[in-house]
Amino acid sequence: MQRIRLRYTKRGRLRFTSHRDFQRAFERALRRAEVPMAYSAGFTPHPKVSYANAAPTGTGSEAEFLEIALTERRDPETLRALLDESLPAGLDITDAVEAHTSGLADRLTASLWELRLDGVAVDDARKAVDAFLAAETVEVQRKTKNGIRTFDTRSAVAGLVADRPQGDPQGDRPATDACAILRLVVRHVTPAVRPDDVLSGLRAVADLAPPVPAAVTRLAQGLFDEESGTVTDPLAPDREAVTAAPSTAAATAPATAPEAGPA
């Protein structure tokens, strides 16, 4: 059985698709592309697809991940192209690697988010960010299926900066005179802290309240590098395993005696 790990996006209006909507679209794409999927056992077999830490409905993403199991070997890049053609524009398969390591979900420990705040001046956003980062705790409330829950957002935030917009790669928001961009790195903790929770925290400490809902996009997710403050690529270990395999095989190959020359 071959395992392939895929990176995909949710862009433009398709940010409003739910995780269940994407599951249905992806399973149809698997059938269209005639992917030799492995299936689970039991009375209702289903394709072996493992989804990891999907973004909330309404948020865009450049870094969603899943893993599929195949009964026949396929070239990852060829498979990526076939699946990408079978999905609607906006749900794009951008990367594919063969799984050579375990624990993909364990490597998704942090996310880098971009929050576009239309109608908010950059100076006001920077003041709010400074107040948030200076606080020891920033408690917010969120309604859950078990009722109202209070939790600290500050401890989950590993980085937060405010800047001016550099363009709109999503293409679904008009330019405005007042607009601030927040770059947010948040650790995946329990309970999960979402970008809208951080916005609630900014409102609590600095009364920052955007006049329109923020456009939120996940730019990356993976292991958080404490030294550089960046989120690393979770598929890199699988790529490195492929490049390391030939050299390892050469190093462990048995030595052969040189042929004797003519007497």
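Heads up: these notes are all about the structure in this document. Residue indices begin from 1 for each chain and proceed along its sequence in written order. Reporting of local features is limited, given that this is a predicted model, to residues whose pLDDT is at least 70; pairs of side-chain atoms are given and counted only at 80 or more, and all residues count toward the totals for whole chains, interfaces and linings. The side-chain values count all of the structure's non-hydrogen atoms but skip hydrogen atoms and water molecules.

Bringing the pattern of salt bridges into the picture now. We define a salt bridge as a side-chain nitrogen of Lys or Arg found within 4 Å of a carboxyl oxygen belonging to Asp or Glu. Counted according to the given criterion, the structure contains 19 salt bridges. As a salt-bridge pair, R3 and E67 come within 3.2 Å of each other at their nearest N and O atoms. Residue R3 is located in strand β1 (residues 2-10), and its partner E67 is located in strand β3 (residues 60-70); the two are separated by 64 residues in the primary sequence. For E67, a relative accessible area of 14% gives the class buried. Between E67 and R5 there is a salt bridge whose closest N-O contact spans 2.6 Å. Starting at the N terminus, helices and strands are each numbered in turn, a helix being any DSSP run of H or I of at least four residues and a strand any DSSP run of E of at least two. A simple rule labels every residue: compare its accessible area, found with a 1.4 Å probe on the protein chains alone, to the largest value its type can have, and call it buried under 20%, exposed over 50%, or partly exposed in between.

Right, let's talk about the layout of surface pockets for a bit. Only protein atoms enter the 1 Å grid, on which a cavity is a set of points fitting a 1.4 Å probe that cannot get out and a pocket is an open set with protein on both sides within 12 Å along at least 5 of 7 lines, lining residues being those with an atom within 4 Å of a point. Grid points are joined across faces, edges and corners, and a volume is the space filled by probe spheres set on the points. The volume enclosed by the largest pocket comes to roughly 210 Å³. If you go around the largest pocket, you meet 14 residues; those closest to its centre are N53, A192, V193, R194 and R218. Elements with a minimum of two residues in the lining of the largest pocket: β5 (110-118) and β9 (179-187). Under the convention adopted here, Pro, Cys and the residues Ala, Val, Leu, Ile, Met, Phe, Trp and Tyr are nonpolar, Asp, Glu, Lys and Arg are charged, and Gly plus all remaining residues are polar. Looking at the lining of the largest pocket, its residues break down into eight nonpolar, three polar and three charged.

So, about the packing of aromatic side chains. Each aromatic ring pair is described using two quantities: the centre-to-centre distance and the angle formed by the ring planes. When two rings of Phe, Tyr or Trp (its six-membered ring) have centres within 6.5 Å they constitute a pair, described as stacked for plane angles under 30 degrees, edge-to-face for angles over 60, and tilted for the intermediate range. If you walk through the whole model with that rule in mind, you get three aromatic pairs. Arranged with centres 5.8 Å apart and planes meeting at 15 degrees, the rings of F22 and F26 form a pair that is stacked. In this pair, F22 and F26 are both assigned in helix α1 (residues 19-32), four residues apart and thus about one turn of the helix distant. F22 sits in the buried class, given a relative accessible area of 3%. Looking at F26, the relative accessible area reads 0%, which means it is buried. Ring centres of F22 and Y51 lie 6.2 Å apart, and the angle between their planes is 85 degrees; this geometry places the pair in the edge-to-face category.

What follows concerns the side chain of K10. With respect to the helices and strands, K10 occurs in strand β1. Whenever a nitrogen or oxygen atom comes within 3.5 Å of another N or O atom, the pair is scored as a polar contact, on the condition that within protein one atom can donate a hydrogen and the other can accept it, and that pairs from neighbouring residues in sequence are kept only if both atoms are in side chains. Separated by 3.1 Å, the side chain of K10 and the backbone oxygen of T17 make a polar contact.

This part covers helix α4 (residues 195-206). Note that an α-helix has 3.6 residues per turn; residues three or four places apart therefore point the same way. By this rule, a helix spans an expected 1.5 Å times one less than how many residues it contains. With 12 residues, α4 should cover 16 Å at 1.5 Å per step; its first-to-last C-alpha distance of 16 Å lies within 8% of that length. Following α4 by one or two positions, D207 has its phi on the positive side, about 55 degrees.

Grouping buried Ala, Val, Leu, Ile, Met, Phe, Trp, Tyr and Cys residues that are joined through side-chain atoms within 4.5 Å yields what is termed a nonpolar core. Within the largest apolar cluster, 27 residues are counted, with the highest numbers of intra-cluster contacts made by L115, L160, L182, L184 and L202. Secondary structure elements with two or more residues in this core: β5, α3 (122-134), β8 (157-163), β9 and α4. Whether two residues touch is decided by their heavy atoms; if any such pair falls within 4.5 Å, the residues are in contact. With sequence-adjacent residues up to four places away left out, L202 is seen in contact with A128, V129, F132, L160, L182, D207 and L208.

It is worth spelling out the packing of α3 against α4 at this point. It is at 9 Å that the axes of α3 and α4 come closest, and there the two elements cross at 95 degrees. In terms of orientation, α3 lies roughly perpendicular with respect to α4. Residues A128, V129, A131 and F132 of α3 form the contact with α4, whose participating residues are V198, G201, L202, V205 and A206. When the residues that make up the contact of α3 with α4 are grouped by side-chain class, the tally is eight nonpolar, one polar and no charged. Angles run from 0 to 180 degrees between N-to-C directions of axes, and those axes are lines fitted to C-alpha atoms, restricted for helices to the stretch in contact. Angles are sorted into four bins: roughly parallel if under 35 degrees, roughly antiparallel if over 145, roughly perpendicular if 65 to 115, and oblique for all others.

Moving on, we get to the environment of P213. Summarising the element assignment, P213 is placed in the loop between α4 and β10 (215-222). Judged by its relative accessible area of 63%, P213 falls in the exposed class. Residues P213 and D118, 95 residues apart in the sequence, show an inter-C-alpha distance of 8.1 Å.

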